[in-house]
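Observations on the three-dimensional arrangement
Chain by chain, the residues run as shown.
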Amino acid sequence: MPEIRWDWLQRHADDIQIMTVQHLEITGLSMALALAVALPVAVAVRNRRVPFAVAAGVADVLYTIPSLALFALLLPYTDIGRTPAVIGLAAYALSMIVRNTVVGLRGVPAVVRDAAVGQGLTPRQVLVRVELPLALPAIMTGVRLATVSTVGIATVAAFVGGGGLGELIWDKGIQREMFLTPILAGTVLTTALAIALDALLAGAQWLLTPWARRGRT
Amino acid sequence: MPGTPATDAPPPGDVRAGTLELRGVTKRYGPTLAVDDLSLTVPAGKVCVLIGPSGCGKTTALRMINRLIEPTAGEILIDGTDVRRRPAARLRREIGYVIQQVGLLPHLTVAQNVATVPRLLGWAKARVGPRVDELLALVGLPPGDYARRYPAELSGGQQQRVGLARALAGDPPLMLMDEPFSAVDPITRERLQTDFLRLHRAVPKTVVFVSHDIDEAVKMADVIAVMRAGRLVQFAPPAELLADPADEFVADFVGADRALKGLALTRLEDLDLPPAPTVRRGEAGGDVRDRVASGTLVPIGGAVLATGDDGHPLRWVPVAAIGDRVEATPGRTEPLLSPVTTLRDALSALFEAGASHGVVVDGAGRAVAVADVATIGGGLAAPAEKAGDA
Ligand SMILES: Nc1ncnc2c1ncn2[C@@H]1O[C@H](COP(=O)(O)OP(=O)(O)O)[C@@H](O)[C@H]1O
Ligand SMILES: [Mg+2]
C-alpha cells in the first residue's frame, strides 16, 4: 500500500472542497432535470401500454450508451462545461425514474382510485391527491437508485469540463503518472457523497410517508 | 339559525333527501345486457335494497346513478333532474358512495378521509373540523381516539364506519351503498346494520343499498328491488315480498323460512315494551322501596337496573339487597339492544347470551326499556302491518 500524501491533501483542501461542491451541484441539477422530464412522461404513459413501452425503451437505450460516448455526442450541441454533463447524467437517470414512477402509479389499488372518483374527485385531483402521494415510495426508490449512480457517473463529467470530483481523480491523479493520493481521495469522497445522499433521501422519504410505517398488520 | 350563511347545511331535523327515478335504464357490454330496461322510483328518504344473485346487474345499476358507468339507454333523475345535466365530479359530491372494500385513502388520516367531500365542496376550514368530529362520533368512533389514525390502524368494521362517515360528510341527499357490510364478520355486520338504521332515522337520506343477502334486505329496506339477469322481477316492500313473491325465482330467493324472516320486519320500537326499572347509583334505598310499593317501579324477577348518572346501565341488583343507598359497580347487563333492533336479531342476541331479557338503550346509551323473550315472541303476530305503510 503506497503512502498517502497527507501534506498534499492539506495544501489542496480548498480545491478539493470546491470540487466536492461542484460534484454535488452537478448531481443535484441532473436529478432535478431528470425528474422534470421523467415525472410528466411517467404520468402521461402510466395507463397506456404502447406509449409506456416506447418511453421506457427510449430511456433504456439512453441508459445503455457508454457515458463517455454520451457526453462526447452532446458536445457539438453545447459548450464544454457543466451543461453537457448535466444533460448526459439526467439522460441516464430517466430510465430508473420513469420505470419506478410508473410501477408506483400502477400500484395504486383500483378500489382506492374508484372510491376517490366516486367521492367526486376530478381526474386531475385523483392524480395529484391520490396517485402521486401513493406512488411516492416507488418514486423515491427510483430517485435514490438514480442519485447513487449519478454521483458515481458524475466523475466522468470532468472529461467535458464539468468539474467535480472527477477532476481530482483524472486531472490531478491519473494524468500525473497515477499519483495515488488524489485518486483515493476522489474515490472515497464520491462514495461518501453517494452514501450520504442516499441516507438523506431515505430520511426525506420517511418524513413524507408517515402513513407507510403505521398500521398493525 | 340567524347569521348562518345560506350555503350551510340545513338545520337538524330538516330532511335533505332526493327522489330517485330510473327510466328504462339499460347497460350493454357487447352481447351482455348487464342491466335491461330498469325502471323504478325510490321516494325521498326511503331505503331501497337492490338484491339478486351475483352478476345480475346490481353494481352496474348502482354505478350508473353516480355516473361511474354511463348507461347505454334510459335516463336517471334525481328530484326530476337528469344526472347527465351536471359535470360528473360535481354530481358525485352530492351522492354518498360506500363500497364493500371501503377504499379509504391510505395516506390520509381518518379525519382527512372524512373531510374529503366537504373540502371538495369548498367548505371553510372552521366548518370542516367540527363536521368531521360530529360524523366520527355519529358512526361510533370517538374523534379523540380515531381522528388522527391511518386506515391501516383500523379493523375492517372500523374502516367501514369511516367509509360511512366519509359518505355522509357532505350531507348528500342520496346515498349509494354497494354491499357495504359484506366483508365484515357477522357480529360486526349486525352492529353496522343497526347503527346505520339508527343513523338513517336521525338523518333520513334516500338510499340505494345493494345486497345479496335476503335477511339484510328485509332488515334494511323500505322497498326491495329483486333483479335477475339485468331485469327487475319484483319491486315491493319487504312484508309484501315475503308474503307474496312474484314468481318461483323470487320465492326461491326469499327462501323457505319466510315466517321466521318476518321477525325481521318488526323492530323493538314497534312493540309495547315495559320501561326499564332503573334506579340511580347513590339513590336512597328508602326511595327505591317506596317506588316499588307505589307501583311506579316494577322490578323484574325481584331486581332493578342500577344506572350511572348518565343513565347507562351498570348491573341488575335485587331490591332485597339494597340498603341505605343503591350501590353498584359496572357488571353484566348484556345483551344491550337498540330500539331499531329487529325482533329476529333481538331473539338471537338473547339466545346467544343465554338471557331471558335484554336492556334496550337509546342512541346515547341510556337504558330505556326491557325486552323479554315472551314479548318479542308476541311480535310474531304483528309483522303484516308493515306492508301497508312502506
Ligand atoms: N366492464 C364490464 N365489461 C363487460 N361485462 C361487464 C362489465 N361489468 C359488468 N359486466 C357484466 O355485467 C353483468 C352484471 O355485473 P354486475 O353489475 O357487477 O353484477 P352484480 O353486482 O349484481 O354482481 C355481469 O354479467 C358482468 O359480467
Ligand atoms: Mg356487485
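As shown above, the structure is provided for reference.
Residues numbered from 1 in each chain as written. Chains lettered and ligands numbered in written order. Predicted model: local features only at pLDDT ≥ 70, side-chain atom pairs only at ≥ 80, totals over all residues. Heavy atoms only, no water.

As for the site of ligand 1
All names here are of chain B. In plain terms, the rule: Residues are classed as near a molecule or strand on a simple rule: at least one heavy atom within 4 Å of it. We define a polar contact as two N or O atoms separated by no more than 3.5 Å, with the added condition that, inside protein, one atom must be a possible hydrogen donor and the other a possible acceptor, whereas residues neighbouring each other in sequence contribute only through side-chain atom pairs. Computed by Shrake-Rupley with a 1.4 Å probe, the accessible areas treat only the displayed protein chains as cover when residues are assessed. Throughout, the ten residues Ala, Val, Leu, Ile, Met, Phe, Trp, Tyr, Cys and Pro are labelled nonpolar, Asp, Glu, Lys and Arg are labelled charged, and all others, Gly among them, are labelled polar.
Residues in close proximity to ligand 1 include Y29, A34, S54, G55, C56, G57, K58, T59 and T60, which together make up its full environment. A distance of 2.7 Å separates an oxygen atom of ligand 1 from a polar atom in the backbone of G55. Here an oxygen atom of ligand 1 sits 3.2 Å away from a polar atom, N or O, in the main chain of C56. Out of a free accessible area of 560 Å², ligand 1 has 57% covered by protein chains. Residue composition of the shell around ligand 1, by class: 3 nonpolar, 5 polar and 1 charged.

Digging into the interface of chain A and chain B
Definition in use: The contact criterion used is simple: two residues touch if any of their non-hydrogen atoms lie within 4.5 Å. When two parts are brought into contact, each loses some accessible area as probed by a 1.4 Å sphere; the total of that loss over both is the buried area. The salt bridge definition used is simple: a Lys or Arg side-chain nitrogen within 4 Å of an Asp or Glu carboxyl oxygen. Helix and strand assignments come from DSSP, with helices taken as H or I runs of at least 4 residues and strands as E runs of at least 2, each series counted from the N terminus.
Contact with chain A, which involves 21 residues of that partner, is made by 26 residues of chain B. Summing both sides of the interface, chain A and chain B together bury roughly 2,000 Å²; the carbon and sulfur share of this comes to 60%. Together, Q119, W211 and R214 of chain A form the three largest contributors to the area buried by chain A at its contact with chain B, with a combined 29%. Between chain A and chain B we count 1 salt bridge in total. Note that D114 of chain A and R63 of chain B form a salt bridge whose closest N and O atoms lie 2.9 Å from each other. Here chain A is connected to chain B by 6 residue pairs in polar contact (both at pLDDT 80 or more). The set of elements that each furnish at least two residues to the side of chain A that touches chain B consists of α6 (110–119) and α7 (123–153) of chain A.

A few points about a nonpolar patch on the surface
To keep it simple, the criterion reads: A patch is a set of surface residues, each over 30% in relative accessible area and not in a salt bridge, joined within 9 Å for like charges and within 5 Å for the nonpolar side chains Val, Leu, Ile, Met, Phe, Trp and Tyr.
A grouping of L33, V37 and I87 of chain A is seen on the molecular surface, where their side chains present a nonpolar patch of about 200 Å² in accessible area. Here V37 of chain A lies in helix α2 (residues 13–45).

Considering the packing of aromatic side chains
Rules: When the centres of two rings from Phe, Tyr and Trp lie within 6.5 Å, Trp using its six-membered ring, the rings pair. Their planes under 30 degrees apart give stacked, over 60 give edge-to-face, and anything left gives tilted. Each residue gets one of three labels from its accessible area relative to the maximum for its type: buried under 20%, exposed over 50%, partly exposed in between, using a 1.4 Å probe on protein chains only.
Summed over the entire model, instances satisfying the criterion amount to 6 aromatic pairs over all chains. Residues Y63 of chain A and Y92 of chain A carry aromatic rings whose centres are separated by 6.0 Å and whose planes lie at 75 degrees to one another, so their mutual orientation is edge-to-face. One end of the pair, Y63 of chain A, is in helix α3 (residues 49–64); the other, Y92 of chain A, is in helix α5 (residues 82–106), and 29 residues separate them in sequence. Overall, the relative accessible area of 40% leaves Y63 of chain A in the partly exposed class. Assessed through its relative accessible area of 6%, Y92 of chain A is described here as buried. Relative to W170 of chain A, the ring of F159 of chain A has its centre 4.6 Å away and its plane inclined at 55 degrees; by these criteria the two rings are tilted. Taken together, the residues F159 of chain A in the loop between α7 and α8 (165–174) and W170 of chain A in helix α8 connect sequence positions 11 residues apart. A relative accessible area of 37% places F159 of chain A in the partly exposed class. Three or more aromatic residues link up through ring pairs in this structure, and these residues are F181, F196 and F209 of chain B.

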